[in-house]
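Reading the structure
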Amino acid sequence: MRKYIIAGNWKMFKTRGEAINFLLQVADKVPSSDLVDSVVCTQAPILRDCVKRQGDNLKVGAQNMHFKDSGAYTGETSALLLQELGVTYVIIGHSERRAMFNETDETVNLKIKQAFAFNLLPIVCVGESLEIREAGTTDEFVSNQVVKALEGISKEDVLDLVFAYEPIWAIGTGRTATPEMAEETCKTIRNTIAKVYDADTASKVRIQYGGSVNPANIDELLAEEDIDGALIGGASLDPEKFLTMVNAALKH
Ligand code: 13P
């Protein structure tokens, strides 16, 4: 019932030429967006170049934006500009931004509201550190992130929001959560959405897993009931691997 969404988060990788090359190789080969949503999230200065070459079935996303309309915020990007560039998605609250760029649950919430105000689809990242996982408080921690992210978000808007569960200890480490662990926390996220809204709404919200996803492990992750896609860093940089992972969604 929920359409899979496979998104590449390119982080601060790829030059303009490399990004264009990727899109020339991949844009026409991704499956129909009736079957699976395919997304690549690039660095801000090349968003327009990538949108121009995205094709019908691949969409481009930004990795961040500011929550204010405009102002003296040197180095920041506005939602208005992303909308004008034709960007479809925006990643909000990635753990790297939470850890290194002072992103908080409050700014995450403000950014989600700003994204909806400009018709951008937010991919909202949540996830625990190794310390929290080992302390056994993952469920409470992640639930709290979800509740705070959703404060003041309408039941209609939440259907267009995608959560990405990304355990920090699994990002870029090659140490993937087992499918059972990933499923357990994605289910917690869905149960939390049900508490905030209702079970029917929660059953329609898509939840991705992210953290060392690659062509070898994506099948078993997507097979889990509450995992509706993947947010992929390293392995999404390679055109062949990206296509393999998008096509994996068709098998489920
Ligand atoms: P890796 O797939 O490189 O572990 O990165 C995951 C991630 O942070 C995606 O947003």
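Here is a short report on the structure shown in this document. (Residues numbered from 1 in each chain as written. Predicted model: local features only at pLDDT ≥ 70, side-chain atom pairs only at ≥ 80, totals over all residues. Heavy atoms only, no water.)

Moving on: the overall build of the chain. Along the chain, the regular secondary structure elements total twelve helices and eight strands. Taken over the C-alpha trace, the chain has a radius of gyration of 17 Å; the compact-globule value for 252 residues is 18 Å, and the two agree within 12%. When its C-alpha atoms are laid out on the principal axes, the chain stretches across 45 × 45 × 35 Å. Per-residue burial for the chain yields a buried fraction of 55% across its 252 residues. The contacts in the chain between residues at least 6 apart in sequence include a share of 73% that link residues at least 24 apart. For the chain, the accessible area works out to roughly 11,100 Å², and carbon and sulfur atoms hold 51% of it. Side chains of the chain give 26 positive and 36 negative charges; the mean places of these two sets differ by 4 Å. (Helix = DSSP H or I, 4+ residues; strand = E, 2+ residues; numbered from the N terminus. Rg over C-alpha atoms; globule rule 2.2 N^0.38 Å. Buried < 20%, exposed > 50% of the residue type's maximum accessible area, 1.4 Å probe, protein only. Contact = heavy atoms within 4.5 Å. Areas by Shrake-Rupley, 256 points an atom, 1.4 Å probe, with all protein chains shown as cover. Lys, Arg positive; Asp, Glu negative; His and termini not counted. Charge placed at Lys NZ, Arg CZ, Asp CG, Glu CD.)

Before going further, it helps to spend a moment on the nonpolar core. Counting 68 residues, the largest nonpolar core has Ile112, Leu120, Phe163, Ile189, Ile193, Tyr209 and Ile218 as the members making the most contacts within it. The element best represented in this core is helix α12 (residues 239-248), accounting for five residues. Dropping the residues within four chain positions of it, Ile189 is found in contact with Val126, Val142, Val146, Phe163, Tyr165 and Ile207. One finds Val39, Cys41, Ile91 and Ile123 within the second-largest nonpolar core, a separate group that totals eleven residues. (Core = buried A, V, L, I, M, F, W, Y, C linked by side-chain atoms within 4.5 Å.)

A few words on the site of the ligand. Surrounding the ligand, one finds 13 residues, the nearest of these being Lys11, His94, Gly172, Ser212 and Gly234. Within the side chain of Lys11, a nitrogen or oxygen atom sits 2.8 Å from an oxygen atom of the ligand. Note that an oxygen atom of the ligand is positioned 2.9 Å from one of the backbone N or O atoms of Gly233. About the coverage of the ligand: the protein hides 95% of its 310 Å² of free accessible area. In this structure the site holding the ligand corresponds to the second largest pocket. Of the residues in the shell around the ligand, the class split is four nonpolar, seven polar and two charged. (Near = heavy atom within 4 Å. Polar contact = N/O pair within 3.5 Å; in protein donor to acceptor, adjacent residues only side chain to side chain. 1 Å grid on protein atoms, 1.4 Å probe; cavity = no way out; pocket = protein on both sides within 12 Å on 5 of 7 lines; lining within 4 Å. Sits in = over half its atoms within 2 Å of the grid points. Nonpolar A, V, L, I, M, F, W, Y, C, P; charged D, E, K, R; others polar.)

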